[in-house]
Amino acid sequence: MTLLQRLEQTVALGAEERLLVDSVKRLVGESIAPRAAGFDASGEFPWRNVAELNGLGLNGMFIPEAYGGAGMSYAAYLRCVMELSGACASTGIVWATTFHAISPLLEFGTEEQKRRLAPRIAAGGLAALCITEPTAGSDATGMRTRFAPDGDEIAINGGKTFITNGDVADLYLLFGKWAPLGEGKDAITALIVEKGAPGLRFGRKEDKMGHRASSTAVLIFEDCRVPRANLLGAPGGGLNILLPSLNKSRPSVAAHALGISRAAFEDAVAYINERRQSGKRIVEFQGIQFLLADLAGEQALCESWLWHVARLVDSGEKDVGLEASLLKLRASDLAMRMTTEAVQLHGGYGYCKDLRVERLMRDAKITQIWEGTNQVHRQLIGRSFMRKRG
Ligand SMILES: Cc1cc2nc3c(=O)[nH]c(=O)nc-3n(C[C@H](O)[C@H](O)[C@H](O)COP(=O)(O)OP(=O)(O)OC[C@H]3O[C@@H](n4cnc5c(N)ncnc54)[C@H](O)[C@@H]3O)c2cc1C
């Protein structure tokens, strides 16, 4: 057993959670990993994988029993994200995005909203988290989508860009500005849009470097109508929903990045144990051993921090913003470095599409960009050490 496998065994999961993680591992080995290259090549949305994950009832792990799920720990959820993402990063992010979009509903929704909407996700529905706009990326507070109250309804006008699951979701968690409150960040508001809402249509789908089987779409809202009952929290209370939600989605995208990174490490180790040059296996060269030590060390420390953050969240700690930022930053930088080194260790073969590392390197890049670019995370973390001047 490698040191990374030993670390994995220290994650405290319940008996049912372990069984579920084992089922996910089996599914990954039997069908999700073997299909990943095909989905990457065709760019086809991985509906078959979604159906098989639903066969395991996997969405249920993040929906409480009261709303049709099984309510498992955050650590167990992260473990599954890692497992899926190493095998097929597109499928990993499709599944994780549903969690990112639905956890704010579970945390901030009313009992009526949770009873009405959450069972659809427990039963296998997909969800999308809609924040980014063409002119509001790193600074999401510049969003221009408008929510205008109109009797029992809310009229939505505006657009979102780069939305994962955008054209396939059953539920959309949408952020915009409450028109009567003006243009400032105090006007930011959250609501749920259901599939088929009149006035919602889809624009272009992005043709991407990686994650080619996940769907990234433009959403257009033209006098789109939703019932006022779908308002999440109070008008103007959106930032109080958005910021805590990131504390759960950022560790999740870190787990996704660490899954990619771990897969690249394993492929590289397997290859250099076989490939020979100058009469030796590549792994026997001391320079390569130094590199392996650095990469394994980074992976082990990032995974340890992932489980540290998972324990904090599972213990009910809410103030984990900086821990989550640090995790997202280091995990995604590692995924990029690890996949680049893995390609390098495969020599010319690593640059060709026959081998998984080529795809892993393309899949890794976005992890440094989404859920706050790494420049933004460096700023957030660095700023936290700034002392107030008297
Ligand atoms: C495949 C994919 C899937 C996505 N999925 C979703 C989704 O599901 N939902 C969603 O809402 N969004 C999603 N996004 C959007 C993603 O979160 C944004 O792309 C990201 O936040 C960056 O915004 P931007 O692209 O507008 O870049 P910009 O904000 O324009 O940044 C451009 C560059 O400037 C740098 N920069 C910006 N501000 C600063 C600063 N203050 N200091 C230093 N550098 C700075 C950035 O780091 C970056 O390098 C997705 C994007 C992609 C590509």
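Check the entry above for the structure.
The structure reproduced in this document is the subject of the present report. (Residues numbered from 1 in each chain as written. Predicted model: local features only at pLDDT ≥ 70, side-chain atom pairs only at ≥ 80, totals over all residues. Heavy atoms only, no water.)

What about the environment of E65?
We apply this condition: Labels follow the DSSP assignment, with helices taken as runs of H or I lasting at least four residues and strands as runs of E lasting at least two, numbered in each case from the N terminus. Each residue is placed in one exposure class: buried if its accessible area under a 1.4 Å probe, protein chains only, is under 20% of its type's maximum, exposed if it is over 50%, and partly exposed if it falls in between. The criterion used for residue contact is that any of the two residues' heavy atoms lie within 4.5 Å.
Mapped onto the elements of the fold, E65 is located in the loop between α3 (47-55) and α4 (74-87). Residue class for E65 comes out exposed when judged on its relative accessible area of 65%. Linking E65 and R281, residues 216 residues apart in sequence, is a C-alpha distance of 52 Å. Leaving out residues up to four positions away in the same chain, E65 has contacts with A70 and G71.

Thoughts on the layout of surface pockets
Our working definition: Method remark: on a 1 Å grid restricted to protein atoms, a set of points is classed as a cavity if a 1.4 Å probe fits but cannot get out and as a pocket if it is open with protein on both sides within 12 Å along at least five of seven lines; lining residues have an atom within 4 Å of a point. Grid points are joined across faces, edges and corners, and a volume is the space filled by probe spheres set on the points. Think of it as three bins: nonpolar holds Ala, Val, Leu, Ile, Met, Phe, Trp, Tyr, Cys and Pro, charged holds Asp, Glu, Lys and Arg, and polar takes everything else, Gly as well.
Approximately 1400 Å³ is the volume found for the largest pocket. If you trace the largest pocket, you find 46 residues lining it, with T132, I369, W370, E371 and G372 closest to the centre. Secondary-structure elements contributing two or more residues to the lining of the largest pocket are α5 (89-108), β3 (153-164), α7 (239-274), α9 (321-345), α10 (356-365) and α11 (374-383). For the lining of the largest pocket, the element with the most residues is α7, which contributes seven residues. Its residues assigned to classes, the lining of the largest pocket shows 19 nonpolar, 17 polar and ten charged. As a volume, the second largest pocket reaches approximately 390 Å³. Lining the second largest pocket are 21 residues, and of these Y74, F99, E107, K248 and V313 lie nearest its centre. Elements with a contribution of two residues or more to the lining of the second largest pocket: α4, α5, α7 and α8 (286-314). When residues in the lining of the second largest pocket are grouped by element, the largest group, four residues, is from α5. For the lining of the second largest pocket, the per-class residue count stands at eleven nonpolar, five polar and five charged.

Here we look at the nonpolar core
We count it as follows: Residue types Ala, Val, Leu, Ile, Met, Phe, Trp, Tyr and Cys, when buried and joined through side-chain atoms within 4.5 Å, form a set referred to as a nonpolar core.
In this structure, L58, M61, F62, I63, Y77, W95 and F175 are the most contacted members of the largest nonpolar core, which totals 97 residues. No other element matches α7, which puts 14 residues into this core. Among the nonpolar cores identified, the runner-up in size contains 19 residues, and A128, L174, V193 and C224 belong to it.

Remarks on unusual backbone geometry
A positive phi angle, close to 65°, is found at N165, a residue other than glycine. Its location among the elements puts N165 in the loop between β3 and β4 (171-178).

Some remarks on the pairing of β4
Rule in force here: A pair of strands is considered paired only if DSSP assigns at least 2 bridges between the two.
Of all the eight residues making up β4, eight are buried; the element is thus mostly covered by neighbouring parts of the structure. Where strand β1 (residues 127-130) and β4 come together, four bridges link them in parallel fashion. Its bridge partner being in β4, C130 is matched across the sheet by L174. Bridge count between strand β2 (residues 146-150) and β4: two bridges; the pairing is parallel. Residue pairing for β4: F147 is matched across the bridge by W178.

Focus on the environment of V343
Within the secondary structure layout, V343 lies in helix α9. On a C-alpha basis, the gap between V343 and D267 in space is 9.5 Å, while along the polypeptide they are 76 residues apart.

What to know about the site of the ligand
Note the cut-off: If a single non-hydrogen atom of a residue is within 4 Å of a molecule or strand, that residue counts as near it. Identification of polar contacts relies on pairs of N or O atoms within 3.5 Å, with a donor-acceptor requirement for protein atoms, meaning one able to donate a hydrogen and the other able to accept it, and with residues adjacent in sequence counted only if both atoms are side-chain atoms. Under the convention used here, a 1.4 Å probe and the Shrake-Rupley method define accessible areas, while residue burial counts only the protein chains that appear. Cavity and pocket membership follows a simple rule, namely that a molecule belongs there if more than half of its atoms are within 2 Å of the grid points.
Lining the immediate surroundings of the ligand are 18 residues, of which L129, T132, S138, F162 and T373 lie closest. Measuring from a nitrogen atom of the ligand, one finds a backbone N or O atom of L129 at 2.8 Å. One of the side-chain N or O atoms of Q375 is found 2.9 Å from an oxygen atom in the ligand. Considering the ligand on its own, with 980 Å² of exposed area, one finds that the protein chains cover 65% of that surface. Because more than half of its atoms lie within 2 Å of the grid, the ligand is assigned to the largest pocket. Contributing elements (two or more residues each) for the shell around the ligand: β1, β3 and α11. For the shell around the ligand, the element with the highest residue contribution is β3, accounting for three residues. Split by residue class, the shell around the ligand holds eight nonpolar, eight polar and two charged.

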